[in-house]
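If you want the building blocks of each chain, they are given just below.
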Amino acid sequence: MARRRKKTLGQKMMPVFIILLGIIAVCIVILFKRDAIADKAKQVVAEKAAEQVIQQQTGTSVNISEMKKRMEPADAEEVDALMQKYSDDETISECADLYQNGGIDAVKQYMQTEVDPADVARLQELYQKYGDSLQ
């Protein structure tokens, strides 16, 4: 009969070592991709907030993601950049507080003082360029 060999410590620890390597690899990916994940989350939140404001103001339902698909890529990226510019945590919480206390008019007043007039002009240009095709 053949004798069974005892497993060495290295052989016993190999599955644990492989699992640890996998966990480390996942942590490294998350560490380097967290900014991209956070940016995407902010973009989605900003789009949904804008959709709600547009619906409250106009009574029509819009889908900003679909609108951006119909735009030229450079223009869609510009819209994303403008939305991210004004969707930091402080602005979002300030607008939420204003909305709860004063409604949409308070938010509009706040945004009139906070949004750069050049950005407003650029959004108006984009609306004139795509306005008919986006409705």
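Thresholds applied
- Residues numbered from 1 in each chain as written.
- Predicted model: local features only at pLDDT ≥ 70, side-chain atom pairs only at ≥ 80, totals over all residues.
- Heavy atoms only, no water.
- Patch = residues over 30% accessible without salt bridge, like charges linked within 9 Å, V, L, I, M, F, W, Y side chains within 5 Å.
- Areas by Shrake-Rupley, 256 points an atom, 1.4 Å probe, with all protein chains shown as cover.
- Salt bridge = Lys/Arg side-chain N within 4 Å of Asp/Glu carboxyl O.
- Lys, Arg positive; Asp, Glu negative; His and termini not counted.
- Charge placed at Lys NZ, Arg CZ, Asp CG, Glu CD.
- Helix = DSSP H or I, 4+ residues; strand = E, 2+ residues; numbered from the N terminus.
- Buried < 20%, exposed > 50% of the residue type's maximum accessible area, 1.4 Å probe, protein only.
- Core = buried A, V, L, I, M, F, W, Y, C linked by side-chain atoms within 4.5 Å.
- Contact = heavy atoms within 4.5 Å.
- pLDDT = per-residue confidence, 0-100.
- Expected span 1.5 Å × (residues − 1).
- Arc of directions from axis to C-beta.

Residues Asp88, Asp89, Glu90, Glu94, Asp97 and Glu114 make up a contiguous surface patch of negative charge. Mapped onto the secondary structure, Asp88 falls in the loop between helix H3 (73-85) and helix H4 (89-114). Accessibility expressed as a relative area gives 30% for Asp88, which makes it partly exposed.

Here we take up the nonpolar core. Ranked by size, the top nonpolar core spans 10 residues in total: Ala46, Val62, Ile64, Met67, Met71, Ala76, Val79, Met83, Leu126 and Tyr130. Those elements that place two or more of their residues in this core are helix H2 (64-70), H3 and helix H5 (117-134). No other element matches the three residues that H3 contributes to this core. Non-local contacts of Ala46, meaning those with residues more than four positions away in its chain, are made with Met83 and Ser87.

Averaged over every residue, the pLDDT of the protein chain is 76; residues scoring 70 or more account for 86%. Averaged over each element, pLDDT in the protein chain is lowest for helix H1 (residues 9-58) (74) and highest for H3 (84).

Structurally, the position occupied by Ala46 is in helix H1. Through-space distance from the C-alpha of Ala46 to that of Gln84 is 7.3 Å; in sequence the pair is 38 residues apart.

Spanning 13 residues, H3 covers 18 Å between terminal C-alpha atoms, matching the ideal 18 Å at 1.5 Å per step. Taken together, the buried positions of H3 are occupied by Asp75, Ala76, Val79, Asp80, Leu82 and Met83. Looking straight down H3, one finds that the buried residues subtend no more than 165 degrees of arc, so they occupy a single side. Among the exposed residues of H3, those oriented more than 90 degrees off its buried face are Pro73, Ala74 and Glu77.

Moving on, we come to a nonpolar patch on the surface. Among the surface-exposed residues, Met13, Val16, Ile19, Leu20, Ile23, Ile24, Ile28, Leu31 and Phe32 lie close enough to one another that they form a single nonpolar patch of about 880 Å² accessible area. Within the fold, Ile19 resides in helix H1. By relative accessible area, Ile19 is classed as exposed at 54%.

This part is about the side chain of Asp80. Tracing the chain through its elements places Asp80 in helix H3. The residues touching Asp80, leaving out its near neighbours within four places in the chain, are Gln43, Glu47 and Lys68.

So, about the pattern of salt bridges. Oppositely charged side chains are able to pair whenever their charged atoms sit close together. For the structure shown, the criterion picks out six salt bridges. Across the salt bridge formed by Arg122 and Asp75, the nearest N and O atoms sit 3.4 Å from each other. With Arg122 in helix H5 and Asp75 in helix H3, the pair connects residues that are 47 residues apart, well separated along the chain. Judged by relative accessible area, which is 6%, Asp75 ranks as buried.

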